[in-house]
Amino acid sequence: MKRLRLVGALACAAGLLGVMPAIAPASVQVGSSGWQWGNPLPQGNTLHAMSFAGTSGYAAGDFGTLLRTTDGGSTWTGLLSGTFTNLTEVQAIDADSLFAGGGCVARRSDDGGATFTRVAFTPVESSCKEQFATGWFVNQLTGFLVLTDGTVFRTDNNGSTFGQKTPLPGTRAAGGGATPVDVRFLTDQIGVGATSDGKIYRTTDGANSWTLVNDTNRAVHSFFFVDANNGFAVGDGSLFLTTKDGGATWAAKDIGIPPTNLRSVRCATL
C-alpha cells in the first residue's frame, strides 16, 4: 500500500509525531477508469496530499487519483477525476466541496466528487507555461491559485474566471529566483505565503501587496491554521513556527527531535 509522504509530519493536538488515518483494506475505484484496483489493496498509486472537513476527507495522488472518505478515514472510495495527471494538492473546502490540482490540471467538485469541473487557470491542460504550485479556497466562491513562477490568481466565482494579483516576492514572476511552496488564506483579504528561500510573506489586501513577516533561512513547507489567529508552520531542519496573530508574527519552537525536514502539519485543536 502506497501512503502519503509523512516525513516528520506533526500532530499539534496530541504529541509530536502524527499518523494519518489508515486506508481500509478494501479495493477502491481507480480514479480515471472506473476499474476496481485488484493488487495491491486498497490501491497502488502514490498519494501526495490529504484534507479533512469533519469526518469527510479527500486524498490525491498520482495518475489522477482522488479518494473520498465519509467516516473519518475508516473506508475510502475512488472518485472519477477525469484526468491522468499526478495530483499534488487537495483541499476539502467543506464536506461536499473539494479542490485538487497538479501540473497543468485543476479540478473542482461541489457534490462530494460525484462530478468534477475543470478549473481553467491555463488555456489547455496538455501543456502550460507555468504549472500549478499551491492554492487555497477561502469558501466555495473565493480562492487563490499560485503557479510555479510565483504568479498569483484570484477567483470570486468558484474558479470560472481568474484575475491576476501581485506575485509572491522573490519568485521568478517578481524578478527573483525562489519558488512558491505553500499559501493559506484566512479571509478573502488576509493570507500568508512561503517561498523556497525560507521567507514568509503576508497580505492583508487580497494579494494586491505582500509584506515580509519572517525569514527563517530554511524552507517552510506547510501552513495550518486552527482559527483566524492561531497557526503553525513547519519546514527543513525540524523548523516549527507558531503564530497567534493570524500570521503577522511567527515564533520558533524547539520540538526536541533531531534535524528532520518536516513536510506537513495538521492540527485538530489547540
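In this report, we go over the structure that sits alongside the text. (Residues numbered from 1 in each chain as written. Predicted model: local features only at pLDDT ≥ 70, side-chain atom pairs only at ≥ 80, totals over all residues. Heavy atoms only, no water.)

1. Digging into the pattern of salt bridges
For side chains bearing opposite charge, pairing can occur when the charged atoms are close.
Next, step 1: Here the structure, examined in full by the defined rule, presents ten salt bridges.
Next, step 2: Ionic pairing is found between K199 and D215, a salt bridge with its closest N-O pair at 3.6 Å. In this pair, K199 is assigned in strand β16 (residues 199-203) and D215 in strand β17 (residues 211-215), connecting sequence segments 16 residues apart.
Next, step 3: On the accessibility criterion, D215 (38% relative accessible area) is partly exposed.
Next, step 4: Connected through salt bridges with shared partners, the residues R107, R118 and E125 form a single ionic network. (Salt bridge = Lys/Arg side-chain N within 4 Å of Asp/Glu carboxyl O. Helix = DSSP H or I, 4+ residues; strand = E, 2+ residues; numbered from the N terminus. Buried < 20%, exposed > 50% of the residue type's maximum accessible area, 1.4 Å probe, protein only.)

2. Side note on the packing of aromatic side chains
Next, step 1: On inspection of all chains with the given rule, the structure shows eleven aromatic pairs.
Next, step 2: Note on F121 and F132: the rings are 6.3 Å apart at their centroids and 50° apart in plane angle, and the pair reads as tilted. Separated by eleven residues along the polypeptide, F121 in the loop between β9 (117-118) and β10 (132-137) and F132 in strand β10 bring together distant segments of the chain. Side by side, F121 and F132 carry an identical accessibility label, which is buried.
Next, step 3: Here R108 stacks its cationic end above the ring of F137, 4.7 Å away from the centre of that ring. (Phe/Tyr/Trp six-rings, centres within 6.5 Å; stacked < 30°, edge-to-face > 60°. Lys NZ or Arg CZ within 6 Å of the ring centre and 35° of its normal.)

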